[in-house]
Amino acid sequence: MATTATYTVKGMTCGHCVSSVKEEVGEVPGVTGVEVDLQSGLLTVASEQPVEQSAIVAAVEEAGYTVAGAS
């Protein structure tokens, strides 16, 4: 059963930012789809099985941004 999770990414200012986040998050094992809305900062991650939040946060940080509310 496919699942989706949403996160709010802080620090994105342009289309290149969106591409960086999509690329990094898309490489997380199990992720089947990534949507990023630049204006709201909303990141929607689709996967076959739930993916650990820490893996998504790490991928966003690898792209150079932060996830709101992530510790």
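Note that this is a predicted model, so its numbers are computed, not measured.

S.K.: Could you clarify how one ought to interpret helix α2 (residues 53–62) in this entry?
M.R.: The α-helix winds at 3.6 residues per turn, so residues separated by three or four positions along the chain end up facing the same way. Within α2, burial applies to I56, V57, A59 and V60. Seen from one end, α2 has its buried residues packed into an arc of 160°, which puts them on one side. Facing away from the buried side of α2 by more than 90 degrees, the exposed set consists of S54 and E62. On its buried face, α2 sits against β1 (3–10), α1 (15–26), β2 (31–36), β3 (42–47) and β4 (66–67). Looking at the residues trailing α2, positive phi occurs at G64, about 105°.

S.K.: How should the nonpolar core be read in this particular structure?
M.R.: As a rule of thumb, soluble globular proteins bury nonpolar side chains together. Counting 20 residues, the largest nonpolar core has M12, V21, V25, L43, I56, V60 and Y65 as its most contacted members. At the level of elements, β1, α1, β2, β3 and α2 are the ones that each hand at least two residues to this core. If near-sequence neighbours (up to four positions away) are discounted, V21 is found in contact with V9, M12, V36, L43, V60, A63 and Y65.

S.K.: What exactly am I supposed to notice about the sheet that holds β2 here?
M.R.: Backbone-to-backbone hydrogen bonds join strands into a sheet, with any given pair of strands oriented parallel or antiparallel. Read across the sheet, four strands follow the order β2-β3-β1-β4 without closing on themselves; strand pairing throughout is antiparallel. The strands lining the two open edges of the sheet, one partner per strand, are β2 and β4. Where β2 lies against β3, five bridges are found, and the strand directions are antiparallel. In the strand pairing of β3, V34 is matched with V45. Against the sheet, α1 engages β1, β2 and β3, with an angle of about 165° to β2.

S.K.: So what exactly am I meant to see when it comes to the UniProt feature "domain: HMA" (unreviewed entry) in the protein here?
M.R.: Residues annotated by UniProt as "domain: HMA" (unreviewed entry) correspond here to residues 3–68. With 33% helix and 33% strand, residues 3–68 has end C-alpha atoms that lie 21 Å from one another.

What counts and how
- Residues numbered from 1 in each chain as written.
- Predicted model: local features only at pLDDT ≥ 70, side-chain atom pairs only at ≥ 80, totals over all residues.
- Heavy atoms only, no water.
- Buried < 20%, exposed > 50% of the residue type's maximum accessible area, 1.4 Å probe, protein only.
- Helix = DSSP H or I, 4+ residues; strand = E, 2+ residues; numbered from the N terminus.
- Arc of directions from axis to C-beta.
- Contact = heavy atoms within 4.5 Å.
- Core = buried A, V, L, I, M, F, W, Y, C linked by side-chain atoms within 4.5 Å.
- Pairing = 2+ DSSP bridges.
- Axes fitted to C-alpha atoms, helices over the stretch in contact; angles between N-to-C directions.
- UniProt positions renumbered as here; feature names shortened; annotations may be inferred.

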